[in-house]
Amino acid sequence: MSDMAKVVPIARGRRRAPRPKPKAEPGALEQRVHELEQELRVERQAKRADSLLVALARAVSSGAGALDWASLGRLQRALYFAWHSEETDAYGADARFAERLEPFLEFLYAMWWRVEATGTEHVPARGAGLVVANHSGVLPYDGLMVQLAIKHEHPARRLCRMLALDMFALLPMLAPLLSKSGSVRASPENAERLLREGELLGVFPEGVKGIGKRYRERYKLARFGRGGFVRVALRTGTPIIPCAIVGAEEIHPVVGKADWLGRPFGLPYFPLTPTFPWLGPLGLLPLPTKWSIDFGEPIDLGEHGPEGAEDPILVNRIAESVRETIQRMVDGRLARRRSIWFG
Amino acid sequence: MARIALTGTASFLGGRLLRRLVAARGADAVLAVDITPPPTTLQGVRHRMLDLTLPGADRRLVEVFREEGVDTVFHTAFFTTPRRDTSYSHELESIGTLHLAAGAAAAGVRHLVLRSFTAVYGARGQNPSFLTEEKRPDSGSRLGWVRDKAEAEEHAFSFSRRYPGLGVTVLRFATLLGPGVHTFYTRLLSKRAVAVLLGYDPLLQLLHPDDALDAAVLALEHGPAQVVNVVPRTAMTLLTALHLADKVTLPVPHPAAYPLAELWWGAGVGEAPGAFLDCARFPFVADGAKARSTLGFEARHSSREALEAFLAYRYPEARPPAAEELAVSEAGASELGA
């Protein structure tokens, strides 16, 4: 339906090949149906590309005359739907947006950071799973990369929905970007709901303390919140997959903080890096470090049962042991790493 | 015979519900309580002229409910569109509901149904993806529009606690949009250009009035059910809605937009107070699972279908491209005909 709705009644029929007369031979009908399907597919493809190009061409050719409201509205519409599908899923994930964003993310994944992902087989191929990772890098690139690692290197090509920090769900540009790429705001309600629906979730329990770490504190995992992720995992009987990300700490080395600068913008911290804010927008360019994303053995919490979620001592113990596991994985990687840039 | 009393029959939803009930149960089964009489086309509907804001309205309501043998009250006298006269909307929504609940409790009414809004949860960045009925309304909101409705709900529940015979249902309807709806949302959708917040595109739930009426009728049949969200089948994003309607969007950075909108509203031009921009910034998507399980309510329309039904109604002469395309697509033809 979303494809059908992209009709722009120009250039119609131009591409349509003259219809051959159906022959009475056996199998001809199947052949014809196949041809028609092929034709339809080509036409749909053409229409999707056309609508934006046609709208732009119209605007350019009519010059200042294009500045009436109706054509401006049509142009904006074509621009918007070139990037967005007309329907999102219940949580706001947009398939076409993800598709359009993918080349850019893939460039970051394969060329810029040359991500090396190991242990993706530990991620369950179906059913609920909770990927728990260390957070770093000022901006939530690490979440997008974990998502991409699971999508590309896991045979089931699953969508791992990331639980985004409150601050990212509030910021302009970043909020729709994250929600359209499948993230939801990190809250126990959201996590429990999604896990009960059998989704794969990714969470960074360090939260703001992790992502805004100073450079000298790098790879020292901060406190794992209040163990909310463990409670949700216990309540829903979901396995926890520890995940260690190395390389993301150095993309924006935080040498200082000027939190008072960020307060008027509603930011919980305001990082100062060697390039930001001194170089302006150029300072937002992340450094091309070499990344590795390691997934560890799943931790099954089934033995404790859902009632374990009500035992704060148990919850804290599990949270601490998950933190230690990830810290060990990070340390192991760091010991083997010879260069920040080349791994 | 036990009658259903309806307040706010001059409102869109109240009027439509009155028609639906008259058609289903006969004119004698309903009683319109409003300061304006019901339309003359509805012959034989009993009407009591009553101003809920006046002191002593509760005493009059007791008399009216006893005389007419009312056992169920459906209260729809709420403002969908924010008013500049905030003291009057406070009197009608908060105090009016207080009077109504007091009158209903004293007259031995069995079931009080309140029309409410999912917007009372408050549009906030911290909202979960689906708001459930357990979440309390945002009684500390910056918007009087929200606070008054939150207070009205609170009044109804406090009377229900004190008078166990009085059961309460609060139906929190998602934003209504469809043929015949006239709210500030539809006024915004009737402009050629709409200001939006730069870098925000929250999910919206647009409820078709037919679905709202179905839920209202089911709630009357079911009996007291506490709070129930009434939402469409699926949500859509704000910008998708505006672009499907072929609007020109003018993105404004949010730090500038709030004071500007407030100024615009204060100058008598804007459609809503500045704090309403939260609804264009953050989602307030409610979960419809309880309506399904307790009332057996299943929305027939998605947000998109509600929007398209509205556009076909608003622009009947030149159907916008959204409607044209829909006519050729597989799902749309029936909606446009209806």
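Above: the structure in question.
Residues numbered from 1 in each chain as written. Chains lettered and ligands numbered in written order. Predicted model: local features only at pLDDT ≥ 70, side-chain atom pairs only at ≥ 80, totals over all residues.

A short note on the overall build of chain B
Then, in step 1: Summing up its helical and strand segments, chain B has 13 helices and 13 strands in all.
Then, in step 2: For chain B, whose C-alpha radius of gyration is 20 Å, the value lies close to the compact-globule estimate of 20 Å for 338 residues.
Then, in step 3: Expressed as lengths along the three principal axes of its C-alpha atoms, the size of chain B is roughly 55 × 40 × 35 Å.
Then, in step 4: Residue burial in chain B is summarised as follows: out of 338 residues, 52% are buried.
Then, in step 5: Contacts spanning at least 24 positions in sequence make up 78% of the contacts within chain B whose residues lie at least 6 apart. (Helix = DSSP H or I, 4+ residues; strand = E, 2+ residues; numbered from the N terminus. Rg over C-alpha atoms; globule rule 2.2 N^0.38 Å. Buried ≥ 20, exposed ≤ 12 C-beta atoms within 10 Å, placed from the backbone. Contact = placed C-beta atoms within 7 Å.)

Let's talk about the overall build of chain A
Then, in step 1: The secondary structure content of chain A amounts to 11 helices and 9 strands.
Then, in step 2: Counting every position in chain A, which comprises 343 residues, the buried fraction comes to 38%.
Then, in step 3: Excluding contacts between residues fewer than 6 apart, the proportion of contacts in chain A whose partners are at least 24 apart in sequence is 72%.

Structural notes on the sheet that holds strand E4 (residues 70–75) of chain B
To summarise the sheet geometry, strands pair through backbone hydrogen bonds and adopt either a parallel or an antiparallel arrangement.
Residues and elements named next belong to chain B.
Then, in step 1: As summarised here, the arrangement of the 7 strands in space is E3-E2-E1-E4-E5-E6-E11, forming an open sheet in which the pairing is parallel. The open sheet is flanked by strand E3 (46–49) and strand E11 (226–230), the only strands paired with a single partner. Strand-to-strand twist across the sheet, computed as the mean angle between neighbouring axes with direction ignored, equals 20°.
Then, in step 2: Bridging between strand E1 (residues 3–7) and strand E2 (residues 30–34) involves 4 bridges; their strand directions are parallel. (Pairing = 2+ DSSP bridges. Axes fitted to C-alpha atoms, helices over the stretch in contact; angles between N-to-C directions.)

Structural notes on the sheet that holds strand E9 (residues 292–295) of chain A
All names here are of chain A.
Then, in step 1: Across the sheet, which stays open at both edges, the 7 strands sit in the order E1-E9-E6-E2-E5-E3-E4 with mixed pairing between neighbours. Each edge of the sheet is formed by a strand with only one pairing partner; in this case those strands are strand E1 (116–118) and strand E4 (184–185).
Then, in step 2: Sheet topology places strand E3 (residues 160–164) next to strand E5 (residues 200–203); 3 bridges connect them, and they run parallel. When the bridges of E5 are listed, Met-162 appears paired with Gly-202.
Then, in step 3: Strands E1, strand E2 (129–133), E3, E5, strand E6 (240–246) and E9 of the sheet are contacted by helix H4 (residues 141–153), whose axis makes an angle of about 170° with E3.

Here we look at the interface of chain A and chain B
Then, in step 1: Counting from both sides, the interface comprises 31 residues of chain A and, opposite them, 27 residues of chain B.
Then, in step 2: Where the side of chain A that touches chain B is concerned, the elements lending two or more residues are helix H2 (69–83), helix H5 (166–170), helix H6 (174–180), E4 and helix H7 (188–196) of chain A.
Then, in step 3: Its residues assigned to classes, the side of chain A that touches chain B shows 17 nonpolar, 7 polar and 7 charged. (Nonpolar A, V, L, I, M, F, W, Y, C, P; charged D, E, K, R; others polar.)

Structural notes on the packing of helix H2 (residues 57–68) of chain B against helix H3 (residues 86–106) of chain B
All names here are of chain B.
Then, in step 1: The geometry of H2 relative to H3 is characterised by a closest axis approach of 8 Å and an angle of 40° between their N-to-C directions. Between H2 and H3, the angle is such that the two are oblique. Crossing angle aside, the handedness with which H2 passes H3 is right-handed. Between H2 and H3, the residues in contact are Ala-57, Asp-58, Leu-61, Val-62 and Phe-65 and His-99, Leu-100, Ala-102, Gly-103, Ala-104 and Ala-106, respectively.
Then, in step 2: For the contact of H2 with H3, the residue count by class is 8 nonpolar, 2 polar and 1 charged. (Parallel < 35°, antiparallel > 145°, perpendicular 65-115°, else oblique. Left-handed = near helix turned anticlockwise from the far one by under 90°.)

Observations regarding helix H11 (residues 303–314) of chain B
Residues and elements named next belong to chain B.
Then, in step 1: Look at H11: 16 Å from first C-alpha to last across 12 residues, which is about the 16 Å you get at 1.5 Å a residue.
Then, in step 2: Of all 12 residues making up H11, 10 are buried, and the element is well covered by its neighbours.
Then, in step 3: When we look at burial in H11, the residues that qualify are Ser-303, Arg-304, Glu-305, Ala-306, Leu-307, Glu-308, Ala-309, Phe-310, Leu-311 and Ala-312. (Expected span 1.5 Å × (residues − 1).)

Side note on unusual backbone geometry
All names here are of chain A.
Then, in step 1: A cis amide bond, omega 0°, links Phe-276 with the succeeding residue Pro-277.
Then, in step 2: Examined against the element boundaries, Pro-277 turns out to sit in the loop between strand E8 (271–272) and E9.
Then, in step 3: Although it is not a glycine, Arg-114 adopts a positive phi angle of roughly 45°.
Then, in step 4: We classify Arg-114 as partly exposed; it has 17 C-beta atoms within 10 Å.
Then, in step 5: Of note, the phi angle at Tyr-219 is positive, near 60°, even though the residue is not glycine.
Then, in step 6: Along the chain, Tyr-219 turns up in the loop between helix H8 (208–211) and helix H9 (228–236).
Then, in step 7: Taking the C-beta count within 10 Å as the criterion, Tyr-219 has 18 such neighbours and is therefore assigned partly exposed.

Some words on the pairing of strand E5 (residues 111–117) of chain B
Residue and element names in this part refer to chain B.
Then, in step 1: E5 sits mainly inside the fold: 7 of its 7 residues count as buried.
Then, in step 2: Alternating residues of E5 divide into His-111, Val-113, Arg-115 and Phe-117 and Leu-112, Leu-114 and Ser-116, and every residue in both groups is buried.
Then, in step 3: Relative to E5, E4 runs parallel, the two sharing 4 bridges. Bridge pairing links Val-73 to Leu-112 in E5.
Then, in step 4: Taking the sense of rotation as the criterion, the β-α-β connection linking E4, H3 and E5 turns out right-handed.
Then, in step 5: By the bridge criterion, 7 bridges tie E5 to strand E6 (residues 167–173) in an arrangement that is parallel. Across the sheet, the residue bridging to Arg-115 is Leu-171, located in E6.
Then, in step 6: A crossover connection joins E5 to the parallel E6 through helix H4 (residues 144–162); in handedness this β-α-β unit is right-handed. (Right-handed = clockwise from strand over helix to strand, strands pointing away.)

Notes on H2(A)
Then, in step 1: Taking 1.5 Å as the rise per residue, H2(A) with 15 residues should run 21 Å; its terminal C-alpha atoms sit 21 Å apart, in good agreement.
Then, in step 2: All of the buried residues along H2(A) are Gly73(A), Arg74(A), Gln76(A), Arg77(A), Ala78(A) and Phe81(A).

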